[in-house]
Amino acid sequence: MGFGDLKTPAGLQHLNDFLADKSYIEGYVPSQADIAVFEAVSGPPPAELYHALRWYNHIKSYEKQKASLPGIKKALGKYGPADVEDTTGSGGATDSKDDDDIDLFGSDDEEESEEAKRLREERLAQYESKKSKKPAIVAKSSILLDVKPWDDETDMAKLEECVRSIQADGLVWGSSKLVPVGYGIKKLQIQCVVEDDKVGTDMLEEQITAFEDYVQSMDVAAFNKI
């Protein structure tokens, strides 16, 4: 497991291939894994290794706060594709470029301190909190209903009033019109928008046909996801 020597073209190619479908070395946020690999790279990868170059420039922007990133820095050979031989040796994590930097999370061979553990858990909790506050995408549909009366003597104004009296969370009634169906009979064609998780066509049909003095049947004329 590993990338090989990241100061060689072969090592950088392994890194580029590894990052082709990833944003970070581990997980979904910058971490000590990215810092360990970043510090093993001697400089920006060449432009043709664009996955590695994109990652390098992104991680470089975290250089001032690298010590505060989550995770525990491991030996370089602990990261990367499994089918590449580790040529970095079995030592600890990659040496820091700045001897004055303090590794808040210790190394692979050191027991995690209580303070480092507390900081890591706080940052993970903050990240989870931010994710949970993102507004969820609400799936909606636009439905066109055909509501048919019993005959030409049915009070269509009253029929529409009954339909619109149906109220539910996630249901919004829209425009409507009367459409001739023959023999002087007209059907009510009415639009509505529903939240898919809250309102379904079965519920609408059940409640609309419950007005049996006016409604003979209900059909879905059009159904479109929004």
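Residues numbered from 1 in each chain as written. Predicted model: local features only at pLDDT ≥ 70, side-chain atom pairs only at ≥ 80, totals over all residues. Heavy atoms only, no water.

(A) Broad picture of the nonpolar core. Within the largest apolar cluster, 23 residues are counted, with the highest numbers of intra-cluster contacts made by F3, L6, L15, I25, V37, W55 and Y79. Contributing elements (two or more residues each) for this core: α1 (9-18), α2 (32-38) and α3 (50-60). Here this core takes 5 residues from α2, the largest share from any one element. Setting aside residues up to four positions removed in sequence, W55 forms contacts with L15, L19, S23, Y24, I25, D34, V37 and F38. Listed in part, the 18 residues of the second largest apolar core include L145, L171, I190 and V194. (Core = buried A, V, L, I, M, F, W, Y, C linked by side-chain atoms within 4.5 Å. Buried < 20%, exposed > 50% of the residue type's maximum accessible area, 1.4 Å probe, protein only. Helix = DSSP H or I, 4+ residues; strand = E, 2+ residues; numbered from the N terminus. Contact = heavy atoms within 4.5 Å.)

(B) Inspection of the pattern of salt bridges at higher detail. Counted by the stated rule, this structure contains 11 salt bridges. Residue E161 is joined to K158 by a salt bridge in which the shortest nitrogen-to-oxygen separation is 3.4 Å. Taken as a pair, E161 and K158 lie in helix α5 (residues 156-164) at a separation of 3 residues, close to a single helical turn. In this structure K158 comes out as partly exposed when scored by relative accessible area, which is 30%. For the salt bridge of K198 with D169, the shortest nitrogen-to-oxygen distance reads 3.0 Å. Placement of the pair is K198 in the loop between β3 (185-195) and α6 (201-208) and D169 in the loop between α5 and β2 (171-182), with a sequence separation of 29 residues. (Salt bridge = Lys/Arg side-chain N within 4 Å of Asp/Glu carboxyl O.)

On their own, these measurements won't tell you what the molecule is for.
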